[in-house]
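What follows is the residue order along each chain.
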Amino acid sequence: QVQLVESGGGLVQAGGSLRLSCAASGRTFSSYAMGWFRQAPGKERDLVAAISRSGGNVYIADSVKGRFTISRDNAKNTVYLQMNSLKPEDTAVYYCAADTRSDTYSRFRAAYDYWGQGTQVTVSS
């Protein structure tokens, strides 16, 4: 079992920055990959970024490449999503998720078997 709790969301102006955190508990944190997804109203929940168990392999979606970075601190059982140069189209609920089965990470939502409750990010123009 894995429990995930996100924090760090909020309201920010376009061009601003936010850092999301996701604290994990339960199963050993370094034994599974992590991902950040987002879901805007009326849209699918899409993968934004993913990171392997050790942090040595990362994936960043094209829509946020160059603006968002993902990192993890296995000593603190926490994964981060640093979001810079935010745009109104980044407005969504952001979820962290754990992939306990993939060797590195998966780009597929179905591979993630534990989810946080989500944190709202709103970017004003």
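Preceding block: the structure.
So, a few notes on the structure that sits alongside this text. (Residues numbered from 1 in each chain as written. Predicted model: local features only at pLDDT ≥ 70, side-chain atom pairs only at ≥ 80, totals over all residues. Heavy atoms only, no water.)

## Some words on the pairing of strand β1 (residues 2-7)
- Only one face of β1 is buried, namely the one carrying Val2, Leu4 and Glu6, since none of Gln3, Val5 and Ser7 on the opposite face is buried.
- Two strands pair when backbone bridges link them, and β1 and strand β3 (residues 18-26) are joined in this way by 6 bridges, in the antiparallel orientation. Looking at β3, one finds that Val5 is bridged to Ala23. (Buried < 20%, exposed > 50% of the residue type's maximum accessible area, 1.4 Å probe, protein only. Helix = DSSP H or I, 4+ residues; strand = E, 2+ residues; numbered from the N terminus. Pairing = 2+ DSSP bridges.)

## Section: the pairing of strand β8 (residues 78-83)
- With 5 of 6 residues buried, β8 lies mostly within the body of the structure.
- Strand direction decides the pairing type here: β3 and β8, joined by 6 bridges, are antiparallel. From the neighbouring strand, Leu18 faces β8, where its bridge partner is Met83.

## As for the layout of surface pockets
- By volume, the largest pocket amounts to about 170 Å³.
- By residue class, the composition of the lining of the largest pocket is 2 nonpolar, 2 polar and 5 charged. (1 Å grid on protein atoms, 1.4 Å probe; cavity = no way out; pocket = protein on both sides within 12 Å on 5 of 7 lines; lining within 4 Å. Points joined across faces, edges and corners; volume = space filled by probe spheres on them. Nonpolar A, V, L, I, M, F, W, Y, C, P; charged D, E, K, R; others polar.)

## Some thoughts on the packing of aromatic side chains
- All chains considered together, the criterion is met by 6 aromatic pairs.
- Ring-pair connections join several aromatic residues into one group, and the members of that group are Phe37, Tyr95, Tyr112 and Trp115.
- Directly above the ring of Tyr95 sits Arg45, whose terminal nitrogen or CZ lies 3.6 Å from the centroid. (Phe/Tyr/Trp six-rings, centres within 6.5 Å; stacked < 30°, edge-to-face > 60°. Lys NZ or Arg CZ within 6 Å of the ring centre and 35° of its normal.)

## Focus on the environment of Gln117
- By the secondary structure assignment, Gln117 is in the loop between β10 (114-115) and β11 (119-124).
- As a C-alpha pair, Gln117 and Glu6 span 111 residues in sequence and 7.1 Å in three-dimensional space.
- For Gln117, the contacting residues outside a window of four places in its chain are Leu4, Val5, Glu6 and Tyr95. (Contact = heavy atoms within 4.5 Å.)

## Brief notes about the state of the cysteines
- Summed over all chains, the structure comprises 1 disulfide.
- In this model Cys22 forms its disulfide with Cys96; the gap between the sulfur atoms is 2.0 Å. Its S-S torsion of about 55° marks the bond between Cys22 and Cys96 as right-handed, since a negative value means left-handed. Placement of Cys22 in strand β3 and of Cys96 in strand β9 (residues 92-99) is noted, with a sequence separation of 74 residues between them.
- For Cys22, a relative accessible area of 0% puts it in the buried group. (Disulfide = S-S within 2.5 Å.)

## Digging into the pattern of salt bridges
- One pass over the full model with this rule turns up 5 salt bridges.
- We note a salt bridge from Arg38 to Asp90, for which the minimum N-O separation is 2.9 Å. One end of the pair, Arg38, is in strand β4 (residues 33-39); the other, Asp90, is in the loop between β8 and β9, and 52 residues separate them in sequence.
- Taking the relative accessible area as the measure of exposure, Asp90 reaches 1% and is therefore buried.
- A salt bridge links Lys65 to Asp62; its shortest N-O distance comes to 3.1 Å. The burial state of Lys65 is the same as that of Asp62; both residues are exposed. (Salt bridge = Lys/Arg side-chain N within 4 Å of Asp/Glu carboxyl O.)

## So, unusual backbone geometry
- Its identity as a non-glycine residue notwithstanding, Asn77 has a phi of 55°, on the positive side.
- In this structure, Asn77 sits in the loop between β7 (68-73) and β8.
- Look at Asn77 and you get partly exposed, because its relative accessible area is 32%.
- Its identity as a non-glycine residue notwithstanding, Ser85 has a phi of 50°, on the positive side.
- Tracing the backbone shows Ser85 in the loop between β8 and β9.

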